[in-house]
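# Chain and residue survey
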Amino acid sequence: MKTFCTIPFVSNFVKEPSFYSRFSPLLFHRFIQMASNTPIENSIRTKLSQDLNAVHLDIINESYMHNVPKGSETHFKVVVVSERFNGLPLIKRHRMVNDVLKDELSNGVHALSIVAKTPEQWASSDKNVEPSPNCRGGFGK
């Protein structure tokens, strides 16, 4: 199948021409524009989806909660549910996520909060993720 879009996150969904008929041209343009404005988030989504074969994935950009310019992509929370976490302690799950995202963590992502669950854990949970604490200003303030 030919991919008609070069934006990684979007190209996962744009595999055939019939995809375009589902959206008005304006809505599709906004979708592409939105995806291209969040390259780090898109990279995180693509890598975790593919490398961990995530069955559920939430990427939450928490940069707005910190003293960074508007539109920054520096602070993220990820909720990853994967069969690959079965039988692994939490620390190994976190290491797997950190390893998948090593490029992002060394090139601009300052903070990464990780919720890593097995499908069974996710199914039996209330699906609510605790909010991150307010920024304290850094440097022990």
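Residues numbered from 1 in each chain as written. Predicted model: local features only at pLDDT ≥ 70, side-chain atom pairs only at ≥ 80, totals over all residues. Heavy atoms only, no water.

This is how it is decided: UniProt positions are given in the numbering used here, feature names are shortened, and annotations may be inferred rather than shown by experiment.
Per an unreviewed UniProt entry, the chain carries the name BolA-like protein DDB_G0274169 and comes from Ignelater luminosus. Here the chain is described in UniProt, under the heading Sequence similarities (unreviewed entry), as follows: "Belongs to the BolA/IbaG family."

## Some points on helix α4 (residues 90–100)
We apply this condition: Only protein chains enter the calculation, and the probe is 1.4 Å; a residue is then buried if its accessible area is under 20% of its type maximum, exposed if over 50%, and partly exposed in between. Only runs of H or I of at least four residues qualify as helices and only runs of E of at least two qualify as strands under DSSP, and these elements are numbered from the N terminus. By arc we mean the arc of the directions from the helix axis to the C-beta atoms, nothing more. Whether two residues are in contact is decided by their heavy atoms, any of which lying within 4.5 Å being enough.
Listed as buried for α4 are R93, M96, V97 and V100. In an axial view of α4, the angular spread of the buried residues amounts to 95°, which keeps them on one side of the axis. The secondary structure elements touched by the buried residues of α4 are α3 (39–51), β2 (75–81), α5 (102–106), β3 (111–117) and α6 (119–124).

## Re unusual backbone geometry
With phi around 50°, N53 is a residue other than glycine that occupies positive phi space. Inspection of the secondary structure puts N53 in the loop between α3 and β1 (56–61). The backbone phi angle of K127 is positive, close to 65°, even though this residue is not glycine. Its location among the elements puts K127 in the segment after α6. Under the relative-accessibility criterion, K127 is labelled partly exposed at 39%.

## Let's talk about the side chain of K77
Definition in use: Definition of a polar contact: a pair of N or O atoms within 3.5 Å, with one able to donate and the other able to accept a hydrogen when the atoms are protein atoms, and with sequence-neighbouring residues admitted only if both atoms are side-chain atoms.
Its place among the elements puts K77 in strand β2. One polar contact links K77 to S132, side chain to side chain, over a distance of 3.2 Å. Residues in contact with K77, not counting those within four places in the same chain, are D58, I59, I60, E62, S113, V129, E130, P131 and S132.

## As for the sheet that holds β3
Condition: A pair of strands counts as paired when DSSP detects no fewer than two bridges linking them. Note on method: axes are straight lines fitted to C-alpha atoms, helices fitted across the in-contact stretch only, with angles between N-to-C directions ranging 0 to 180 degrees.
The strand order across the open sheet built from 3 strands is β1-β2-β3, with neighbouring strands paired in mixed fashion. Whereas interior strands pair on both sides, the edge strands pair on one side only; in this sheet they are β1 and β3. Going from strand to strand, the sheet's axes swing by 10° on average, the running direction of each strand aside. Across 6 bridges, β1 lies against β2 in antiparallel orientation.

## Things to note about the confidence of the model for the chain
Convention followed: Within a predicted model, pLDDT stands for the predictor's per-residue confidence, ranging from 0 to 100.
Scored by pLDDT, the chain comes out at a mean of 81, with 72% of its residues at no less than 70. The model gives residues 1–12 a pLDDT under 50, and that stretch makes 32 contacts with residues more than four places away or in other chains.

## Topic: the nonpolar core
Just so we agree on the cut-off: Nine residue types can take part in a nonpolar core, namely buried Ala, Val, Leu, Ile, Met, Phe, Trp, Tyr and Cys, and a core is a set of them joined through side-chain atoms within 4.5 Å.
Counting 16 residues, the largest nonpolar core has L48, L52, V78, V80 and V97 as its most contacted members. Of all the secondary-structure elements, those providing two or more residues to this core are α3, β1, β2, α4 and β3. Excluding residues within four positions of it along the chain, L52 makes contact with K47, V80, S82, R84, F85, M96, V97 and V100.

## Observations concerning the pattern of salt bridges
Quick reminder of the rule: Within this document, salt bridges are pairs made up of a side-chain nitrogen of Lys or Arg and a carboxyl oxygen of Asp or Glu, the two lying within 4 Å of each other.
Scanning the model with the defined rule gives 5 salt bridges in all. Here E104 makes a salt bridge to K47, at a shortest N to O gap of 3.0 Å. With a gap of 57 residues between them, E104 in helix α5 and K47 in helix α3 connect regions that are remote in the sequence. Exposure remark for K47: the relative accessible area of 22% places this residue in the partly exposed category. Close ionic contact of E62 with K77 constitutes a salt bridge, the shortest N to O distance being 3.9 Å. Taken together, the residues E62 in the loop between β1 and β2 and K77 in strand β2 connect sequence positions 15 residues apart. In terms of burial, E62 and K77 fall into one category: buried. Each of K47, D103 and E104 takes part in salt bridges that share partners, so that together they form one network.

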